[in-house]
Amino acid sequence: MDIVEKAPAYEEVVYSDERIGRYLIRVEIEPIMVSKNTLFKTIQGLPLYVVRWVPKITWGEIREDVEKK
């Protein structure tokens, strides 16, 4: 099956440490494959879908040394 449309599922958090500073950490889940199992059905009689996904983790330092004008 082709993935026609998707919206990212993500969570962001600010991590603060007195020694290393502040960082914005983002975890995003990206679906990479969807398959339909026609041998098994849900209670409602619908096909069972399986989604394979990968986590994408990014982070960046939040810098406060930018001069405000």
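Attention here is on the structure that accompanies the text. Computed from a predicted structure; not experimentally measured.

Let's talk about the pairing of strand S2 (residues 21–41)
Right, on to step 1. Where strand S1 (residues 9–17) meets S2, 9 bridges bridge the pair, whose relative direction is antiparallel. Opposite Glu-11, over in S2, you have Val-27 as the bridge partner.
Right, on to step 2. Counted along the chain from S1 to the antiparallel partner S2, the turn is 3 residues long.
Right, on to step 3. Across 15 bridges, S2 lies against strand S3 (residues 47–61) in antiparallel orientation. Looking at S3, one finds that Ile-29 is bridged to Pro-55.
Right, on to step 4. Hairpin connection between S2 and S3: a loop of 5 residues separates the two successive antiparallel strands, and Gly-45 in this loop has a positive phi of roughly 90°.

Topic: the pattern of salt bridges
Right, on to step 1. Evaluation of the coordinates by the stated rule reveals 4 salt bridges.
Right, on to step 2. Arg-26 serves as the salt-bridge partner of Glu-12, at 3.0 Å between the closest nitrogen and oxygen. Here Glu-12, found in strand S1, pairs with Arg-26, found in strand S2; they are 14 residues apart in sequence, far enough to count as distant.
Right, on to step 3. What makes Glu-12 partly exposed here is its relative accessible area of 37%.
Right, on to step 4. Linking Glu-30 and Lys-56 is a salt bridge whose minimum nitrogen-to-oxygen distance equals 2.9 Å. Taken together, the residues span a long stretch of sequence, with Glu-30 in strand S2 and Lys-56 in strand S3 at a distance of 26 residues.
Right, on to step 5. Each member of the salt-bridge network shares a partner with another, and the members are Lys-6, Glu-30 and Lys-56.

Reading the values: rules and limits
Residues numbered from 1 in each chain as written. Predicted model: local features only at pLDDT ≥ 70, side-chain atom pairs only at ≥ 80, totals over all residues. Heavy atoms only, no water. Pairing = 2+ DSSP bridges. Helix = DSSP H or I, 4+ residues; strand = E, 2+ residues; numbered from the N terminus. Salt bridge = Lys/Arg side-chain N within 4 Å of Asp/Glu carboxyl O. Buried < 20%, exposed > 50% of the residue type's maximum accessible area, 1.4 Å probe, protein only.

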